[in-house]
Each structure stands twice: as structure tokens, then as C-alpha cells.
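Chain and residue survey
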Amino acid sequence: MQNQVQTISTQGFNDQKPGTSGLRKKVQVFQQPHYLENFVQSIFDTLDVPLGATLTVGGDGRYYNRHAIQTIIEMAAANGFGRVLVGQAGILSTPAVSHIIRKYHTFGGMILSASHNQGGVHGDFGIKYNISNGGPAPEKITDEVFAKSKVITQYKTVKFAPVDINTLGETEFETDQGKFTVQVIDAVQDYADLMQTLFDFAAIKKLLASGFKMKFDAMHAVTGPYAQEIFVNRLCASESSLMNCVPSEDFNGGHPDPNLTYAADLVAIMFSGANAPDFGAASDGDGDRNMILGKNFFVTPSDSLAVLAANATLVPAYSSGIAGVARSMPTSGAVDRVAVKLQIPCYETPTGWKFFGNLMDAGKVTLCGEESFGTSSSHVREKDGLWAVLFWLNVLAQKYALDGKASVEAMLKAHWLEFGRNVYSRHDYEAIPTEAANAVMQHIKGQFESLPGQKFGHYQVSSCDDFSYHDSIDGSVSNNQGVRILFVDGSRIVFRLSGTGTEGATLRIYLEAYEPDSHKQHLDAQIALAEMIKIGLQISQLLALTGCVEPTVIT
Ligand code: G1P
Ligand code: ZN
């Protein structure tokens, strides 16, 4: 049967501006008539889609994924695509989408996820568009999508009977524009195969067989099936090494963000004393974030990036060295010190993975990371949670092979001894009124002239600015990427408003101080940073301007 392409009249919305990582809104907002369709059409209208092109589609399994996938399939057919690759059951992690786009040379991909935001009927939904290099669309595309979404008057679709996305294989459709194929692909195998080409699975298997205990928490989100295949099926870890590995539409009511607050169950297991597992890790809703823990020990993401860079040559994929590293501006300078030792370049970019893509495409950097539990390399163009977990396990396996010991804490302490410790913490004030958050930022900016030279306790301000980034590859400039207060001794406080929240505003305060003295490096970050925290509150007048007494989340 031939299906007719239909043109549907619509009206623009004013709120479809993609944030740090795609468009995220409450499910109910996405459920408004034409809301999802308008955004998808605005993306297609921005791209020059060649007739018959292939699109990759998958999501983190959250509520509304299946509905959105059917809608996108129908609109892709009407907009000239010839084929859509869909992960089985609609599931594909963000790094897996990036890999599929690259491996099968698809034109681009749509990822249905609001990442670490809560899911379910009353939770959040989101869409990200990734370009043919596998990475998030750069700002010049997302800005145009936003402009189009405000003035859109029609979208194209073709109604198909519900497509069976549970069964692997191809379904062909005829439209009045030609043939169109939906191909349901295994969500896990390609990704697991890629991991096996990067890491020494035999060494990791030996480590896991030696009595070394690990615990991985998928937080009821997308990495569950990947973890089962990689850790249990391929690396022979015990079933009890996994927790919360069945994806659920509302993440079992939880908040799928792998940090000390939201991954509390895993944290309790890892801090349970002498019998705690040797290694713990968690990933987020769409599988691009990672948290790394040792026995009774937490690794900050900034330190994790630095340790991986320093030990990269122990891993087969990076055994001949790394070209360079990049970190987002608020991420600590720990990796900068490793770059100096390795004599490789270190780039500082704005927050958001999209800024790493050009550097990786140009071969300038191999490893990248963000303080927000994001780490990855040029094997894909997204951050990659399970990749980071396997990297840690591979390095630990090499240490074990060398001297029979594999301790996360010992590795970190040795790292700090060599490079010093960039003591680091982020304080988040979530869902505060937007005006109050803006007032805090304005209040700080209003002191740009008077702060330099001022002394606060042991610290003296050297300079302050609002971070701007000049992309050396495409020449683009991104302004207003976070306010920095830099101190004479290299410490810093950064203030930034989140671009991923869906309720009010979220203010992030990033605190960093350098500790070269090995006798003080073991201190708890909140204690070591206590004076910086006070200074941050004083400069920002946060309590007076927002009424917030304490942060919602501390990482
Ligand atoms: C947050 C993180 C940022 C990350 C993004 C997507 O964005 O801070 O590093 O790239 O989520 O995972 P924010 O809410 O701060 O804009
Ligand atoms: Zn994510």
C-alpha cells in the first residue's frame, strides 16, 4: 500500500531553544499538539538532507520514547530519508548512537533522552540531534533550529501503522515518494564489539577472576543491557556485580544521575568498610556519564580524567600515546598538569560535549572530560560512561598484572604525590527562581572592576571574567560561558547557570584549590575548600539574593 505524504499546518513555539545538550522539557510540554513534530521538522529544515539518506534513532527507554520514535520514523519518511536504523525496543545509549552513526556512515542521529533528568509521566523528556561525525550538533545548527522553530508553519509526515521496533530486522514501506525502510538493530552488540577493540578484555577478565570485586549500577537506565553483555557475558563478572540493570520508563522513580547524592545505594555499598567491593561505578539515564569509586573512596571526575590521561599507554587503544587532551572550563586543572608532563596540548572549552567535536575531528585531542561525570575519547564523539569504567578496569588490571595490587585509592594517592592535588567540588542550587539566579550572576559581574587585588582571608583575587571561547578550528566564538574569579595562587571559583534544567534556574558554583603538600592531600574536599566556599557565598551574596541556605547537590 502506498502511504501519502501529508503536510500539516502548525504554529511555532517560542521555547524550543536547545540547551547544553539538546531540547529538554517536561513530558507534558512535549505532549502538546505539534510540539514534538515542530521541533523535528525544524531540525530537518535546517539540514540539507540528501534524498534516501539514513537516520539513526534511539533513546534511553524513558517514558514517551516509543511515541517519539514512531513520530520521527513517519516524519523521516516524509522528509526524504530512505532508511531509519532504530535500536531494538527503541533503546540506544548516547555513545552507542554516536558509534552507529560513525560505523554505518548514517547522515545523522536523533537521541531521545533527557540524560540524567528524572523520567516518567511527570518527568522530563528530550531530543538531541547528532551530525554525521557522531557528535552533538554544533551551535550554528542548534541556533538555526531554534530560529526556525519559532516561525514554522507546516510539517511533513506520513502515517504508518505502528512499526514493530521490538523485533530485529527490516520493514519496508512504500510512500508516494518512494521506498522507505525501518531497520531494527541490536542495541548492544556493535557497541560491545567496539569496546573489545579498545581494551584488553583478557587482562580485565583475569583481574575479575582473581577475587577483585566490582559493582556496577545502571540506575534502572539504558546501560543495563550493555553492562550485562560486557561485564557478565564477555568479561565473566558475576551477576551480583550488577545492580539496577533493567531499564525502566521512570528509572524506578529515581534520578538517574551518577553522583554521591543520587547514586546513594551504590555509594553505601562502596563505603561499607573492609568488605566493600574494590571497584564501583555508575552511569546515567542515557549512558554517557560515569562515576568511579574505589573501596571507601570517591574519585572526582576531574581527577578521573587526569588519571586516565596519565595512564593511557597501559590501554591497547592508546598504547602509542595520546595527541592531546581537552576539558570544559569548570573542570579542574588536574589534567593540565598531566598534559605538561606528557608534553601534549590541553584545550579549555565551554561546558557541553559539542565543543570537543571539532578538536577530535582535527586530530588535536584524544581524551576529553567534564567535571560533570563525563569522560571519553575520539573513539566516538560523545562522552561514554561504560568506556570510562572499562578504561579504569583495564588500567587496574595492568597494575594487578605488574605487582598483584589493584587499588583505586592507591592509584589516586600516587597520582597526587606526583602531580599535586587539585582539590575540587561543585555546589548546585537547583530549581531556584530564574530572576534570583540572574540577580546573583549580575551581582558578581558588577564587581568585575573592584575584585582584582582584593584579599579574602588567605586568598587574593588576581582577575575575573566571563569566559569566552574561540574555536581554533571553525573560528566560531561562544560568549558568556561562565563567570570566573581567579586567585593569585591558582585557586578559582566559577559561577554558571545550567543549560539543562527544566524548572526555574540551577546555579552551579565550582570550587578549586591546588594542594601540593602530600600531608594535606587526604583531606575531605569540603573541609579543604571551606574558606573558598565562604568566599564564594560572600562575593555572590547568594543567601541574600536567593534565600537558599545550602546547596541541593554537592559533588
Ligand atoms: C550539564 C553539565 C555539562 C554536561 C551537560 C550534559 O550541563 O554541567 O557538563 O555537558 O549537563 O550532560 P548544565 O546543566 O551545567 O548546563
Ligand atoms: Zn547523559
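These lines cover the structure that appears in this document, whether it is placed above or below. What you are looking at is a predicted structure, and each value in this text was computed from that prediction instead of being measured. Once a new chain begins, its residue numbering starts again from 1 and follows that chain's sequence as written. Written order decides the labels, with chains lettered from A and ligands numbered from 1. Totals for whole chains, interfaces and linings use every residue, but because this is a predicted model, local features are given only for residues with pLDDT of at least 70 and side-chain atom pairs only at 80 or more, for both listing and counting. Side-chain metrics in this entry use all non-hydrogen atoms of the structure; hydrogen atoms and water are not considered.

Focus on the overall build of the chain
How we decide: Put simply, DSSP marks the helices as runs of H or I at least four residues long and the strands as runs of E at least two long, and each gets a number from the N terminus on. Taken over C-alpha atoms, the radius of gyration is set against a globule rule of 2.2 Å times the number of residues to the power 0.38. Only protein chains enter the accessibility calculation, which uses a 1.4 Å probe. A residue is then buried if its area is under 20% of the maximum for its type, exposed if over 50%, and partly exposed in between. Only the protein chains shown count as cover for residues, and the accessible areas themselves come from Shrake-Rupley with a 1.4 Å probe.
A count of helical and extended segments in the chain gives 18 helices and 28 strands. By the compact-globule yardstick of 24 Å for 555 residues, the chain fits well, its C-alpha radius of gyration being 23 Å. Over its C-alpha atoms, taken along the principal directions, the chain stretches across nearly 75 × 60 × 40 Å. For the chain, with 555 residues in total, the buried portion stands at 60%. Summed over its atoms, the accessible surface of the chain is roughly 20800 Å², and 51% of this surface lies on carbon and sulfur atoms.

Here's the deal with the environment of Ile100
Using the following cut-off: Should any heavy atoms of two residues lie within 4.5 Å, those residues are counted as being in contact.
Within the secondary structure, Ile100 is located in helix H4 (residues 94–103). Separated by 34 residues in sequence, Ile100 and Gly134 place their C-alpha atoms 7.9 Å apart. When near neighbours in sequence (up to four residues on either side) are disregarded, Ile100 contacts Thr56, Leu85, His105, Thr106, Ile185 and Asp190.

Here's the deal with the sheet that holds strand E17 (residues 346–349)
Worth spelling out the cut-off: Each pair of strands is called paired provided DSSP finds at least two bridges between the two strands. Whenever a helix is involved, its axis is fitted only over the stretch in contact; in every case the axis is a line through C-alpha atoms, and angles between N-to-C directions fall within 0 to 180 degrees.
Taking strand neighbours across the sheet as the criterion, the four strands line up as E17-E16-E18-E19 in an open arrangement whose pairing is mixed. A strand with exactly one partner marks an edge of an open sheet, and here the two such strands are E17 and strand E19 (374–377). Mean inter-strand twist for the sheet, computed between neighbouring axes without regard to direction, equals 15 degrees. By the bridge criterion, three bridges tie strand E16 (residues 325–328) to strand E18 (residues 367–370) in an arrangement that is parallel. Its bridge partner lying in E18, Arg327 is registered against Gly369. Along the sheet, helix H11 (residues 334–342) contacts E16 and E17; its crossing angle with E16, the most-contacted strand, is approximately 165 degrees. Along the sheet, helix H13 (residues 385–403) contacts E18 and E19; its crossing angle with E19, the most-contacted strand, is approximately 75 degrees.

Examining the nonpolar core
Going by this rule: We call a set of buried residues a nonpolar core when its members are Ala, Val, Leu, Ile, Met, Phe, Trp, Tyr or Cys and they connect through side-chain atoms within 4.5 Å of each other.
Residues Phe216, Phe231, Phe279, Trp387 and Trp392 are the most contacted members of the largest nonpolar core, which totals 72 residues. Here the element with the most residues in this core is H13; it accounts for 11 residues. Setting aside residues up to four positions removed in sequence, Phe231 forms contacts with Met214, Phe216, Cys236, Ala237, Leu242, Leu386, Val389, Leu390 and Leu393. Of all hydrophobic cores here, the second largest spans 44 residues; its members include Leu36, Val49, Tyr64 and Ile72.

Let's talk about helix H6 (residues 189–198)
Taken as a whole, H6 has its buried residues at Asp190, Tyr191, Ala192, Leu194, Met195 and Leu198. If you follow the buried residues of H6, they end up packed against H4, helix H7 (201–209), helix H8 (223–234) and H13.

Let's talk about the pattern of salt bridges
For clarity, the cut-off: Any carboxyl oxygen of Asp or Glu that lies within 4 Å of a side-chain nitrogen of Lys or Arg is treated as forming a salt bridge with it.
Under the defined criterion, the tally for this structure stands at 27 salt bridges. In this structure, the salt-bridge partner of Arg289 is Asp257, at a minimum N-O distance of 3.1 Å. You can see Arg289 sitting in the loop between strand E13 (279–283) and strand E14 (290–294) and its partner Asp257 sitting in the loop between strand E12 (242–243) and helix H9 (264–270), a full 32 residues away along the chain. Overall, Arg289 belongs to the buried group, its relative accessible area being 9%. Of the charged contacts, one joins Asp336 and Arg327 as a salt bridge, the two residues approaching to 2.7 Å between their closest N and O atoms.

What to know about the sheet that holds E13
The strand order across the open sheet built from five strands is E12-E11-E13-E14-E15, with neighbouring strands paired in mixed fashion. The sheet terminates laterally at E12 and strand E15 (297–299), the two strands that pair on one side only. Sheet analysis places strand E11 (residues 214–217) next to E13, joined by four bridges and oriented parallel. Each residue of the ladder has a partner; that of Phe216, found in E13, is Ala281.

Regarding the packing of aromatic side chains
Operational definition: Each aromatic pair joins two rings of Phe, Tyr and Trp (for Trp, the six-membered one) with centres within 6.5 Å, and gets the label stacked for planes under 30 degrees apart, edge-to-face for over 60, and tilted for any other angle. Cation placement over rings: the criterion is NZ of Lys or CZ of Arg within 6 Å of the ring centroid and within 35° of the ring normal.
Applying the stated criterion to the full structure yields 22 aromatic pairs. With centroids separated by 6.5 Å and ring planes inclined at 55 degrees, the aromatic side chains of Phe199 and Trp387 adopt a geometry described as tilted. Taken together, the residues Phe199 in the loop between H6 and H7 and Trp387 in helix H13 connect sequence positions 188 residues apart. Each member of the pair, Phe199 as well as Trp387, is classed as buried. One aromatic cluster is present, built from ring pairs that chain together Phe13, Phe30, Tyr35, Tyr63, Tyr64 and Phe125. We note Lys150 situated over the ring of Phe146; from NZ or CZ to the ring centre the distance is 4.0 Å. The positively charged end of Arg337 is found above the aromatic ring belonging to Tyr514, 3.4 Å away from the centroid.

Describing the coordination of the zinc ion (ligand 2)
This is how it is decided: The rule for donors is simple: N, O or S, within 2.8 Å of the metal, or within 3.2 Å if the metal is Na, K or Ca. Water isn't counted, so a site may look like it is missing partners. In this scheme the shape depends on donor count and angles: four donors with every angle between 85 and 135 degrees give tetrahedral, four or six donors with opposite pairs above 155 degrees and others between 65 and 115 give square planar or octahedral in turn, and any other case is irregular.
Protein-derived ligands of the zinc ion (ligand 2) are Ser115 (OG), Asp284 (OD), Asp286 (OD) and Asp288 (OD), with the metal-ligand distances lying across 2.0 to 2.1 Å. Around the zinc ion (ligand 2) sit four donor atoms; with metal-centred angles ranging over 86 to 163 degrees, the donor geometry is irregular. On the basis of relative accessibility, which here comes to 2%, the residue Ser115 falls in the buried class.

Observations concerning the environment of Glu172
Secondary-structure assignment places Glu172 in strand E9 (residues 169–175). Measuring from C-alpha to C-alpha, the distance between Glu172 and Arg83 comes to 9.1 Å, with 89 residues separating the pair along the chain. Apart from the residues within four sequence positions on either side, Glu172 is in contact with Lys179, Phe180 and Thr181.

Let's talk about unusual backbone geometry
Look at Cys236: it is not a glycine, yet its phi comes out positive at around 60 degrees. Its location among the elements puts Cys236 in the loop between H8 and E12. In this structure, Asn252 is a non-glycine residue whose phi angle is positive, near 55 degrees. Looking at where Asn252 falls in the secondary structure, it is placed in the loop between E12 and H9.

Describing the site of ligand 1
To keep things clear, this is the line we draw: Here a residue counts as near a molecule or strand whenever at least one of its heavy atoms sits within 4 Å of it. Pairs of N or O atoms are called polar contacts if they sit within 3.5 Å, as long as, within protein, a hydrogen donor faces a hydrogen acceptor (for residues adjacent in sequence, only side-chain-to-side-chain pairs). All amino acids are sorted into three groups, where Ala, Val, Leu, Ile, Met, Phe, Trp, Tyr, Cys and Pro are nonpolar, Asp, Glu, Lys and Arg are charged, and the leftover types, Gly among them, are polar.
Within the structure, ligand 1 sits among 15 residues, and Thr20, Ser372, Gly499, Thr500 and Arg508 are positioned closest to it. Separating an oxygen atom of ligand 1 from a side-chain N or O atom of Arg496 is a distance of 2.7 Å. Residue Arg508 places a side-chain N or O atom 2.6 Å away from an oxygen atom belonging to ligand 1. Here ligand 1 has 380 Å² of accessible area as a free molecule, and 99% of this is covered by the chains. Here the residues of the shell around ligand 1 sort into no nonpolar, nine polar and six charged.

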